[in-house]
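# Report on the structure
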Amino acid sequence: AQKVTQAQTEISVVEKEDVTLDCVYETRDTTYYLFWYKQPPSGELVFLIRRNSFDEQNEISGRYSWNFQKSTSSFNFTITASQVVDSAVYFCALSEDNDMRFGAGTRLTVKP
Amino acid sequence: AAGVIQSPRHLIKEKRETATLKCYPIPRHDTVYWYQQGPGQDPQFLISFYEKMQSDKGSIPDRFSAQQFSDYHSELNMSSLELGDSALYFCASSLERADGTIYFGEGSWLTVV
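## Here's the deal with the interface of chain B and chain A
- Each partner contributes residues to the interface: chain B has 21 residues there, and chain A has 19 residues.
- Taking both sides of the interface into account, the surface hidden between chain B and chain A amounts to around 1600 Å²; carbon and sulfur atoms contribute 53%.
- On inspection of chain B and its partner chain A, the count reaches 0 salt bridges.
- Elements supplying a minimum of two residues to the side of chain B that touches chain A: strand S4 (31-37) and strand S9 (87-94) of chain B.
- For the side of chain B that touches chain A, the leading source of residues is S4(B), giving 4 residues.
- Residue composition of the side of chain B that touches chain A, by class: 10 nonpolar, 6 polar and 5 charged.

## A word on the sheet that holds strand S1 (residues 5-7) of chain B
Residue and element names in this part refer to chain B.
- The strand order across the open sheet built from 4 strands is S1-S3-S8-S7, with neighbouring strands paired in antiparallel fashion. Both edges of this open sheet fall to S1 and strand S7 (64-68), since each of them pairs with a single strand only. The average undirected angle you get between the axes of adjacent strands in this sheet is 15°.
- In the sheet, strand S3 (residues 19-24) pairs with strand S8 (residues 74-78) via 5 bridges, with the strands oriented antiparallel. Residue pairing for S8: Lys 22 is matched across the bridge by Glu 75.

## Thoughts on the pairing of strand S8 (residues 64-69) of chain A
All names here are of chain A.
- The two faces of S8 differ: Tyr 64, Trp 66 and Phe 68 on one face are buried, but Ser 65, Asn 67 and Gln 69 on the other face are not.
- Across 3 bridges, strand S7 (residues 59-61) lies against S8 in antiparallel orientation. Bridging from a neighbouring strand, Ile 60 pairs with Ser 65 of S8.
- Between S7 and S8, which pair antiparallel in sequence order, lie 2 residues; one of them, Gly 62, sits at a positive phi of approximately 65°.

## Focus: the nonpolar core
- Within the largest apolar cluster, 24 residues are counted, with the highest numbers of intra-cluster contacts made by A:Trp36, A:Trp66, A:Phe77, A:Tyr90 and A:Leu108.
- If you list the elements that add at least two residues to this core, you get strand S2 (10-14), strand S3 (19-21), strand S5 (33-39), strand S6 (46-52), S8, strand S9 (74-79), strand S10 (88-96) and strand S12 (106-111) of chain A.
- Excluding residues within four positions of it along the chain, A:Phe77 makes contact with A:Val19, A:Thr20, A:Leu21, A:Trp36, A:Leu48, A:Tyr64, A:Ser65, A:Trp66 and A:Tyr90.
- Judged by nonpolar contacts, the second largest core, of 22 residues, contains B:Leu11, B:Ile47, B:Phe49 and B:Leu81.

Here is what the cut-offs are and how they apply
- Residues numbered from 1 in each chain as written.
- Chains lettered and ligands numbered in written order.
- Predicted model: local features only at pLDDT ≥ 70, side-chain atom pairs only at ≥ 80, totals over all residues.
- Heavy atoms only, no water.
- Contact = heavy atoms within 4.5 Å.
- Buried area = accessible area lost by both parts, 1.4 Å probe.
- Salt bridge = Lys/Arg side-chain N within 4 Å of Asp/Glu carboxyl O.
- Helix = DSSP H or I, 4+ residues; strand = E, 2+ residues; numbered from the N terminus.
- Nonpolar A, V, L, I, M, F, W, Y, C, P; charged D, E, K, R; others polar.
- Pairing = 2+ DSSP bridges.
- Axes fitted to C-alpha atoms, helices over the stretch in contact; angles between N-to-C directions.
- Buried < 20%, exposed > 50% of the residue type's maximum accessible area, 1.4 Å probe, protein only.
- Core = buried A, V, L, I, M, F, W, Y, C linked by side-chain atoms within 4.5 Å.

Given below as structure tokens:
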């Protein structure tokens, strides 16, 4: 079965700092999808990005960027110039055949 | 755009009672998922349906059951509730032959007292 590891349980930064959230995954499938979700204190899961296993292009969306490296089975997420509103739990997830499993999540606190 | 709709958003039940959560997937999505997220935990997969048939089963207790109806909405039934069932329950939906993105509802908070 697939497995997702988010080694960082909690990260605390000061506003405007850059922060990288790590995600390492394990899978035997060659076709899979990787996701990042944001869970603010209100509880909903907000979809941030999806990447399929054949697309290793890095992506930038505003202050967010993602670095997908199959060689190291990693899909790291960087927030540039962090803001207080970025404070949330961030989950990395791996989906094979529509079977999605989450990492344990990283709680990010951005202090003013 | 329409999202996944879950109801109720909050529910309080006593031990040994029964609870039913409802989910309305994004229109035209053919796959529905249920996840349970305990306090401080990551979401755990319970069960999924594809075209109204159960397609995959995760760590769903025997006290729980789910089904998907002809209009594609789904219900999660939980009986003989225990304190440990208190959690945030997510429903999600996707389109099987699309890009693999699974969209989550806002969740239903169940508190068992």
